[in-house]
Amino acid sequence: MKRILGMGNALTDILLQIEHDEVLATLNLPKGSMQLVNGQFSDQIGIALSGIARKMATGGSASNTINGLTKLGVTAGFVGKVGKDDVGTFFTNDSISNGVTPHLLISETPSGRCTVLVSPDGERTLCTFLGASCELDAEDLTLDMFQNYDIFHIEGYLVQNHELIRTAVRLAKEAGLKVSIDLASYNVVEENLAFLNEIIREYVDIVFANEEEARAFTNKEPQDALIHISNHCDIAVVKIGKEGSYVKSGDSSVQVQPRTANCIDTTGAGDLYAAGFLYGLACNYSLDVCGQIGSLVAANVVEVLGAKMTDDVWATIHEEIDIIIG
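So, here's what we can say about the structure. (Residues numbered from 1 in each chain as written. Predicted model: local features only at pLDDT ≥ 70, side-chain atom pairs only at ≥ 80, totals over all residues. Heavy atoms only, no water.)

**Regarding the layout of surface pockets**
Then, in step 1: Counted as a void, the largest pocket has a volume near 1300 Å³.
Then, in step 2: Residue lining of the largest pocket: 50 residues in total, with Asn210, Gly241, Thr266, Ala269 and Gly270 positioned closest to the centre.
Then, in step 3: Of all the elements in the fold, those that place two or more residues in the lining of the largest pocket are strand S2 (11-17), strand S3 (34-36), helix H3 (61-71), strand S7 (112-118), strand S8 (124-129), helix H8 (211-218), helix H10 (269-282) and helix H11 (287-301).
Then, in step 4: If one sorts the elements of the lining of the largest pocket by residue count, H10 sits on top with four residues.
Then, in step 5: Looking at side-chain class alone, the lining of the largest pocket contains 19 nonpolar, 18 polar and 13 charged residues. (1 Å grid on protein atoms, 1.4 Å probe; cavity = no way out; pocket = protein on both sides within 12 Å on 5 of 7 lines; lining within 4 Å. Points joined across faces, edges and corners; volume = space filled by probe spheres on them. Helix = DSSP H or I, 4+ residues; strand = E, 2+ residues; numbered from the N terminus. Nonpolar A, V, L, I, M, F, W, Y, C, P; charged D, E, K, R; others polar.)

Below you can see the structure in the form of structure tokens.
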């Protein structure tokens, strides 16, 4: 089985289920977006919603994917940066307990955290205080980090640090890894369009995008966007929510049917789809099987609050994977 290394913002998620979307308007937060906030505003959100029960878990897009991969049985590691505080300690220990090999650098800056506001329909709005996580830079990376891995997965939220991404993909290719990227958020894509086009064309082998991200990247609807993206990488995946997903590699195209789910929170759905899909690739399964496993894992995670599932759920997922692969 192939081994996978992820790199992303080392964030701890603080999840809150809000009763109505008016609170988003009050806080001037566009529903479904990812907004970068400073520590003061992050604290203000916490105070404004102090009466709502919250759940804390290791988060960050690539971290969610890597945690999912280890639960599926893949040997995986994660590169990020945390602070010398309780949040950083939580992130490190939780990663290790999930079977992830941490390649974490330490900063004097407070650790990053992401407040996730979950609407009644399951849509999530993210308010991210990057803290120490955004201090990960090109000078922190070494070729040794990439040794003994086969696939390198990057979250799109990092693309605002162009030099970090360029250095990372160059080192990954030097070490012989395939490169995977999840475009992460439509507004991030819009703000870094030229750079993403450059990186995908020159270095990336696998691209994950949802419908909005694909449209922001190509100005096309899902099926045409899939073709456009696949012309610049080996494998293109466009997810269309409840309608399933499209996968294309060369002349091979697959439409993956959706899984029925009782959605209460979409946090981590795309990240866990990527985990399932990359697990399939790590096992050398067909594109159709990879997509089916991605859809299976994503359908399960939307039925829980946050991006972490219990061992019982994972056991059920493994049983259903056995059915998929026959």
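**A look at helix H9 (residues 222-230)**
Since one α-helical turn is 3.6 residues long, residues separated by three or four positions face the same way.
Then, in step 1: When we look at burial in H9, the residues that qualify are Pro222, Ala225, Leu226, Ile229 and Ser230. Along the axis of H9, the buried residues cluster in a sector spanning 130°; they form a single face.
Then, in step 2: Buried-residue contacts for H9 involve strand S11 (206-210), H8, strand S12 (235-239) and strand S13 (245-249). (Buried < 20%, exposed > 50% of the residue type's maximum accessible area, 1.4 Å probe, protein only. Arc of directions from axis to C-beta. Contact = heavy atoms within 4.5 Å.)

**Examining the pairing of S2**
Then, in step 1: Counting buried positions along S2 gives six out of seven residues, so the element sits mostly inside the fold.
Then, in step 2: Pairing of S2 with S7, which is carried by seven bridges, proceeds in the parallel orientation. Opposite Leu16, over in S7, you have Leu117 as the bridge partner. (Pairing = 2+ DSSP bridges.)

**Concerning the environment of Gly8**
Then, in step 1: One can find Gly8 in the loop between strand S1 (4-7) and S2.
Then, in step 2: Along the backbone, Gly8 and Gly80 are 72 residues apart, and their C-alpha atoms lie at a distance of 5.8 Å.
Then, in step 3: Beyond its immediate stretch of four places on either side in the chain, Gly8 contacts Ala62, Phe78, Val79, Gly80, Leu136, Glu155 and Leu158.

**Some remarks on the nonpolar core**
Then, in step 1: Among the nonpolar cores identified, the biggest contains 54 residues, and Met7, Phe146, Phe152 and Ile154 are the most heavily contacted of them.
Then, in step 2: Among the elements that line this core, the one with the most residues is helix H5 (residues 162-174), at six residues.
Then, in step 3: Ignoring anything within four residues of it in the chain, the contact list for Phe146 reads Leu5, Phe152, Ala168, Leu171, Ala172, Ala175 and Leu177.
Then, in step 4: The next biggest cluster of nonpolar side chains, apart from the first, holds 48 residues, and it includes Leu104, Phe208, Val297 and Ala307. (Core = buried A, V, L, I, M, F, W, Y, C linked by side-chain atoms within 4.5 Å.)

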